[in-house]
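Chain residues, written in single-letter form:
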Amino acid sequence: MTALLEVSGVSVTFDGFRAINNLSFSIGAQELRAIIGPNGAGKTTFMDIVTGKTRPDKGSVTFGERSVSLLSLSEAEIARAGVGRKFQRPTVFEDQTVAENLTMALKAQRAPWRVLFWKEGPDDRARVQALAEEVGLADHLPRKSGELSHGQKQWLEIGMLLAQEPRLLLVDEPAAGMTLAEREHTTQLLVEMAKTRAVVVVEHDMEFVRRLNCKVTVLHEGAVLAEGSLDHVTKNQQVIEVYLGRG
Amino acid sequence: MTRQTFVERSFLARNPSVLWFILILAVFTLGVTVLSEAYGLAFISTSFVKTLGKTLCLCLVALAMDLIWGYAGILSLGHMAFFALGGYMLGMWLMYARTEEIVVAALAQGGLPATPEEISQGIAVQIFGVVGASEFPPIWYFAHSFWAQMALVVLVPGGLALAFGWLAFRSRVTGVYLSILTQAMTLALALYLFQNDSGLRGNNGLSGLQNLPGLGDVSQDDLSIWFFWASALALGLGYVLLAWLVSGKFGSVIRAIRDDEQRVRFLGYSVEGYKLFVFTLTAVIAAIAGALYYPQAGIINPAELAPIASIYLAVWVAIGGRGRLYGAVIGAAFVSLLSSWFTGGRAPSIPLGFYTINWVDWWLVLLGLSFVAVTLFAPKGIGGLFDLWQGRMAPDRKGAQLGPEDGSLQEKEALK
């Protein structure tokens, strides 16, 4: 299996603090991967680098079959290339309706001129409806998304990510603040999504990671400490010392 | 539960406020025409028709301000610079062509037919004598051509906005820093134009713009109502254009940029491109408004580009209610008419015994206080009153947080 995303030898320093230290990581085109690690291990910085928010000091990040370097692209270009990101806190546009939020995220031309003359066709409408059903918000399409509950906002954001049809999805702590039933639903959805694309889940909650039942990468001090199945990494002595042992 | 179905509806059906706006504007235009000196009962003086026409132009530039600030969230404090530049561009042709008529008439009395050089020289002396020059500066190259100057009304402010916006947005200057930068831009332009050798007659500015070339026989009564019509038409078209623009996906994207631009980037939209587009478009709208305004004012000088002018523009939009187009129009019309009433010396002074409140001096204090009051107590501005009214008509009960999963009866009943 060839890698969809290939991160190699990446380092980044903030004011002398080395947040990412010679990190290498790769993920296949249809793969689910969990990233765990203690606070400050560099999980969020890793996502920032892949999505273009932070520029690394050295190293390379390539994406897709043609190995396009993401380091020379802007955030918007990276998103258009097929990288979607879900933030820890649900970030939806609260002043706009659920339908507007989903429509904005739909895979389509993104240039101002094209968007200005974009007209919603029956296909788009059906797609928005289908997405809303998938995330359980079909009855809420005309509502302002600011009125939704916390869990519903999480779902809306997941719906928006699906609408973007990314090839690689980065998900930051999806289970935070969710009820047990919602967690189960989220797990199913992530597993389902990883059948057609690459999904990287950053998570603190070991119970949730166990449910995902996938390969796990443990980060520590900005580098990969261990990689493998959850059972494999939890037996690793180093991992126990830096992360699990403290608990 | 019934499923939400989309119903195909036309643009006007989705935006009833557009129809209302056009209707009110049409009735107002008709009313003023019927009451004007030129075409009706002469209840409204020509100078007041001009004031109303100018007010419509200010409403148009307020619309532009609402798009960039209220919708896209960019507090530009330099849009009156584009307004004034539009006025200057049309003013150059007005002044040139009008002076040409006078010079040709004067030379014709000499007996011999005048050569083009003599005419050109004569015009230059007439226009630039006041700043001690007798030749046309290069920027007047197109001044003889109406169509060229009309094109420059759009191209010069549009080009400036494009260049300024490109530099500012590309460097990701946002928020208050961008506001300061736009203030600096308008101040720098004003200071440049104040110089005599700027080529636009320094602090004298351009004058006599109320006289249209070739229409010397037409009275100001008629001209004023023609400009009033043109201003009303421009405002109507501008309103429909912007209402269409903000009603679709483009409007969604710019409001999203206002609320969380980083998130919009991760959706794949180039935030800088959108900002630049909106900045340039609003600059062009402001310039067109200015080109209609200054022939009615009769004179333009660099004081029109003073930073305070653009701040007033923001105050109008804030008081009227930003984020809704009719709010901007109401704010601009209400505050600018009130302002001319107070500063025109017509408002009665209030004697307090120990001190007399003279509104010419105290109007700005009142305006400042109302701005603070609106910001603190009624952030939706005057436009917010329409929400109150609509709330009375059709209570929106689905808004409240209704608790866990199943919700309450209220929620279900609202969704049906």
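Once a new chain begins, its residue numbering starts again from 1 and follows that chain's sequence as written. Note on labels: chains are lettered from A, ligands numbered from 1, in written order. In keeping with the predicted nature of the model, local features appear solely for residues at pLDDT of at least 70, side-chain atom pairs appear and are counted solely at 80 or more, and the whole-chain, interface and lining totals rest on all residues.

Taking an unreviewed UniProt entry as the reference, chain B is identified by name as Urea ABC transporter permease subunit UrtC belonging to Paragemmobacter ruber. UniProt positions are given in the numbering used here, feature names are shortened, and annotations may be inferred rather than shown by experiment. One UniProt comment on chain B, placed under Subcellular location (unreviewed entry), says "Cell membrane".

As recorded in an unreviewed UniProt entry, chain A goes by Urea ABC transporter ATP-binding protein UrtD and comes from Paragemmobacter ruber.

The next subject is the overall build of chain A. Where helices and strands are cited, they refer to DSSP runs of H or I of at least four residues and of E of at least two residues respectively, numbered from the N terminus. A tally of helices and strands in chain A yields ten helices and ten strands. By the compact-globule yardstick of 18 Å for 247 residues, chain A fits well, its C-alpha radius of gyration being 18 Å. If one aligns the C-alpha atoms of chain A with their principal axes, the spans along those axes are about 55 × 40 × 35 Å. Between the buried cut of 20 or more and the exposed cut of 12 or fewer other C-beta atoms within 10 Å of a residue's own C-beta lies the partly exposed class, and all C-beta atoms are placed from the backbone. Counting over 247 residues, chain A shows a buried share of 43%. Each radius of gyration is computed over the set of C-alpha atoms, and the globule rule expresses the reference value as 2.2 Å times the number of residues to the power 0.38.

Another point: the nonpolar core. In this structure, Val61(B), Ala62(B) and Leu63(B) are the most contacted members of the largest nonpolar core, which totals 179 residues. Residue contributions to this core peak at 18 residues, all from helix 11 (residues 271-297) of chain B. An automatic or database domain assignment is the source of the domain bounds shown. When residues are assigned to domains, this core turns out to be shared by domain 1 (1-82 + 167-247) and domain 2 (92-165) of chain A, each giving three or more. Residue pairs qualify as contacts under a 7 Å threshold applied to their C-beta atoms, which are placed from the backbone. Setting aside residues up to four positions removed in sequence, Val61(B) forms contacts with His79(B), Phe83(B), Ala286(B), Ala289(B) and Leu313(B). Defined on buried residues, the nonpolar core groups Ala, Val, Leu, Ile, Met, Phe, Trp, Tyr and Cys residues joined through C-beta atoms within 7 Å.

Where interface size is given, it is often the accessible area lost as the parts come together that is meant. Residue and element names in this part refer to chain A. Assigned domains within chain A: domain 1 (1-82 + 167-247) and domain 2 (92-165). Distance between the C-alpha centres of domain 1 and domain 2: 26 Å. Counting from both sides, the interface comprises seven residues of domain 1 and, opposite them, six residues of domain 2. Classification convention: Asp, Glu, Lys, Arg as charged; Ala, Val, Leu, Ile, Met, Phe, Trp, Tyr, Cys, Pro as nonpolar; all other residues, Gly among them, as polar. Looking at side-chain class alone, the side of domain 1 that touches domain 2 contains three nonpolar, two polar and two charged residues.

On to the interface of chain A and chain B, then. Taken together, the contact pairs 27 residues of chain A with 28 residues of chain B. Considering only residue class, the side of chain A that touches chain B consists of twelve nonpolar, five polar and ten charged.

All names here are of chain A. With mixed pairing, six strands are arranged side by side in an open sheet as 6-7-8-3-9-10. Edge positions in the open sheet fall to strand 6 (83-86) and strand 10 (223-228), since each of these has one partner strand only. Direction aside, the axes of adjacent strands within the sheet are offset by 20 degrees on average. Only strands that DSSP links by at least two bridges are regarded as paired with each other. Sheet topology note: the strand 3 (residues 32-36)/strand 9 (residues 215-220) ladder contains four bridges and is parallel. Following the sheet pairing, isoleucine 36 is matched in strand 9 by valine 218. Lines fitted to C-alpha atoms define the axes, with helix axes restricted to the stretch in contact, and inter-axis angles between N-to-C directions lie between 0 and 180 degrees. The strands touched by helix 6 (residues 150-164) within the sheet are strand 6 and strand 7 (168-172), with strand 6 carrying the most contacts at an inclination of about 180 degrees. Sitting on the sheet, helix 7 (residues 180-193) is in contact with strand 3, strand 7 and strand 8 (198-202), with an inclination near 145 degrees to strand 8.

All names here are of chain A. Summarising burial for strand 7: four of the five residues are buried, a large majority. Examined bridge by bridge, strand 6 and strand 7 share four bridges and lie parallel to one another. When the bridges of strand 7 are listed, arginine 85 appears paired with leucine 170. Note: strand 7 against strand 8, five bridges, orientation parallel. Paired with leucine 169 across the bridge in strand 8 is valine 199. By convention, a crossover is right-handed whenever its connection, traced from the first strand over the helix to the second and viewed with the strands pointing away, goes clockwise. On the question of chirality, the crossover connecting strand 7 to the parallel strand 8 by way of helix 7 is right-handed.

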